[in-house]
Amino acid sequence: MTVFLYIVTVLAWGTSWIAITLQGGSVDSVVSVFYRFALASLLFLPALYLTGRLQKTRRSDHLWFFLQGCCLFCFNFICFYIASKYMASGLLSIVFSTAIFYNAINNRIFWGVKPSKSIYGAGVLGVIGLVLLFWQELSNASASDGLLLGIALSALGTLGFSFGNMITIRHTRNGINPFTSTGYGMTYGSLILLSIILAFEIPMTWDSSPTYLYSLVYLAVFASIVAFSAYLSLINRIGANQAAYATVVFPVIALAISSVYEGYTWGAMNAAGLVLVLLGNAVAMNLIRKP
């Protein structure tokens, strides 16, 4: 079952980054994120209730569901959607793969899970790899400012994702299954997004093109309901550090898609960068001590 969950997570998220890019255009990023998680929650939460898989929870749990909604289904994706306007989807997935390092640090801070000192060597590999990956784009003065903003936003979104992982550990320790936490988290995330839209008077426009509709349905059903349920189930089974290994693999899929559909070009430098990032992430996974 664990292998199956990994495969589902890798395939769903590996293909989701290009779909996020396809959501760019006339619809504001915040509105697109709202459409995605509103649709996902409207489909998922009632289905859990009707099938008897929605757990009974305490009132105090809903504060944590709310916080999880902020971290996993709201602010982090606002960052990712805006970042996708400034960088190729495959490169965005590479930045997201650094969730391994965020999880190692946050696990130490919040749960006392101490990583090996060698994790810092893996971090050096990852940083050098990222520099090489982005070197060609950063050397272009006309594009570097936007790319730097995209990198910063995707890194911030990944930090939020890691905080959501830490909250998931809390749910696991309190016997809350990942389906319940995902259903409530998505619902609260959608309500937060709607509040932002109303507070800042963001126009709720709609893109009637088939591309926008198909990518929205794919992101809501497969990349949200299916992938998050699978990933949070992995955390429930094996812990956040080990579950984050899925983020090592799906950038390869995302970059392959980006090469075909976005014209991302390869050279010796960015290829070496990809190898170093993946190597650093893999080393990190092998060196993190289990709790």
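Our structure's up above, just so we're on the same page.
Residues numbered from 1 in each chain as written. Predicted model: local features only at pLDDT ≥ 70, side-chain atom pairs only at ≥ 80, totals over all residues. Heavy atoms only, no water.

Visitor: Got a minute to help me understand the overall build of the protein chain in this structure?
Guide: For the protein chain, the count of helices and strands is 13 helices and zero strands. Written out in order from the N terminus, the α and β elements of the protein chain read α-α-α-α-α-α-α-α-α-α-α-α-α. Relative to its length of 291 residues, the protein chain is compact, with a C-alpha radius of gyration of 18 Å against a globular reference of 19 Å. Projected onto the principal axes, the alpha-carbon positions of the protein chain cover approximately 55 × 50 × 35 Å. For the protein chain, with 291 residues in total, the buried portion stands at 53%. A fraction of 89% describes how many contacts in the protein chain between residues 6 or more apart in sequence connect residues 24 or more apart. When the accessible surface of the protein chain is totalled, it reaches about 12,800 Å², and 69% of it is carbon and sulfur. (Helix = DSSP H or I, 4+ residues; strand = E, 2+ residues; numbered from the N terminus. Rg over C-alpha atoms; globule rule 2.2 N^0.38 Å. Buried < 20%, exposed > 50% of the residue type's maximum accessible area, 1.4 Å probe, protein only. Contact = heavy atoms within 4.5 Å. Areas by Shrake-Rupley, 256 points an atom, 1.4 Å probe, with all protein chains shown as cover.)

Visitor: Sorry if this is basic, but what is going on with the packing of helix 2 (residues 29-50) against helix 4 (residues 75-83) here?
Guide: A packed helix pair is summarised by two numbers, namely the angle formed by the two axes and the spacing between the axes. Running from N to C, helix 2 and helix 4 cross one another at 125 degrees; their axes reach a closest spacing of 9 Å. Between helix 2 and helix 4, the angle falls in the class oblique. At the point where helix 2 passes helix 4, the crossing takes the right-handed sense. Note on element contacts: helix 4 touches helix 2 through Phe77, Ile78, Tyr81 and Ile82, opposite Ser29, Val30, Ser32, Val33, Arg36 and Phe37. The residue inventory of the contact of helix 2 with helix 4, partitioned by class, reads seven nonpolar, two polar and one charged. (Axes fitted to C-alpha atoms, helices over the stretch in contact; angles between N-to-C directions. Parallel < 35°, antiparallel > 145°, perpendicular 65-115°, else oblique. Left-handed = near helix turned anticlockwise from the far one by under 90°. Nonpolar A, V, L, I, M, F, W, Y, C, P; charged D, E, K, R; others polar.)

Visitor: So what exactly am I meant to see when it comes to the packing of aromatic side chains here?
Guide: For any pair of aromatic rings, geometry is given as the distance between the ring centres together with the angle between the planes. Under the defined criterion, the tally for this structure stands at 22 aromatic pairs. Ring centres of Trp17 and Phe80 lie 5.5 Å apart, and the angle between their planes is 85 degrees; this geometry places the pair in the edge-to-face category. One end of the pair, Trp17, is in helix 1 (residues 2-22); the other, Phe80, is in helix 4, with 63 residues separating them in the sequence. Exposure class is identical for Trp17 and Phe80. Each is buried. An angle of 35 degrees between the planes, with centres 5.4 Å apart, marks the rings of Phe161 and Tyr231 as tilted. Remark: Tyr231 occurs in helix 10 (residues 210-238) and Phe161 occurs in helix 8 (residues 141-173); sequence separation between them is 70 residues. Tyr231 matches Phe161 in its accessibility class, with the two residues each being buried. Taken together, the aromatic side chains of Trp13, Trp17, Phe37, Phe73, Phe77, Phe80, Tyr81, Phe96, Phe161, Phe228 and Tyr231 make up a single cluster linked through ring pairs. One residue, Arg36, lies across the ring of Phe77, its end atom 4.4 Å from the ring centre. (Phe/Tyr/Trp six-rings, centres within 6.5 Å; stacked < 30°, edge-to-face > 60°. Lys NZ or Arg CZ within 6 Å of the ring centre and 35° of its normal.)

Visitor: Looking at this structure, I do not really get the packing of helix 1 against helix 5 (residues 89-96). What am I missing?
Guide: At a closest axis distance of 9 Å, the pairing of helix 1 and helix 5 adopts a crossing angle of 130 degrees. Here helix 5 runs oblique to helix 1, going by the angle between their axes. Viewed along their axes, helix 1 and helix 5 form a crossing whose handedness is right-handed. Taking contact as the criterion, the partners of Trp13, Trp17, Ile18 and Thr21 in helix 1 are, on helix 5, Ser89, Leu92, Ser93 and Phe96. For the contact of helix 1 with helix 5, a count of residues per class yields five nonpolar, three polar and no charged.

Visitor: Explanation requested: helix 10 in the structure shown.
Guide: Side chains three or four residues apart in an α-helix point the same way, a direct result of the helix having 3.6 residues per turn. A rise of 1.5 Å per residue sets the reference length of helix 10, with its 29 residues, at 42 Å; its end C-alpha atoms lie 39 Å apart and thus fit the reference within 8%. The largest bend along helix 10 measures about 35 degrees and falls at Ala227. (Expected span 1.5 Å × (residues − 1). Bend = angle between axes of the 7 residues up to and from the residue.)

Visitor: Explanation requested: the side chain of Asn103 in the structure shown.
Guide: Within the secondary structure, Asn103 sits in helix 6 (residues 99-111). Of the residues examined, Asn103 reaches a relative accessible area of 0% and is grouped as buried. In terms of polar contacts, Asn103 uses its side chain to reach the side chain of Ser162, at 2.7 Å. (Polar contact = N/O pair within 3.5 Å; in protein donor to acceptor, adjacent residues only side chain to side chain.)

Visitor: Teacher, can you tell me more about the pattern of salt bridges here?
Guide: Counted according to the given criterion, the structure contains two salt bridges. Residues Asp61 and Arg58 are paired through a salt bridge, measuring 3.3 Å at the closest nitrogen-oxygen approach. Residue Asp61 is classed as buried on the basis of its relative accessible area of 3%. Classification of Arg58 by relative accessible area gives partly exposed; the value is 46%. Salt bridges sharing partners connect three or more residues here, namely Arg58, Asp61 and Arg170. (Salt bridge = Lys/Arg side-chain N within 4 Å of Asp/Glu carboxyl O.)

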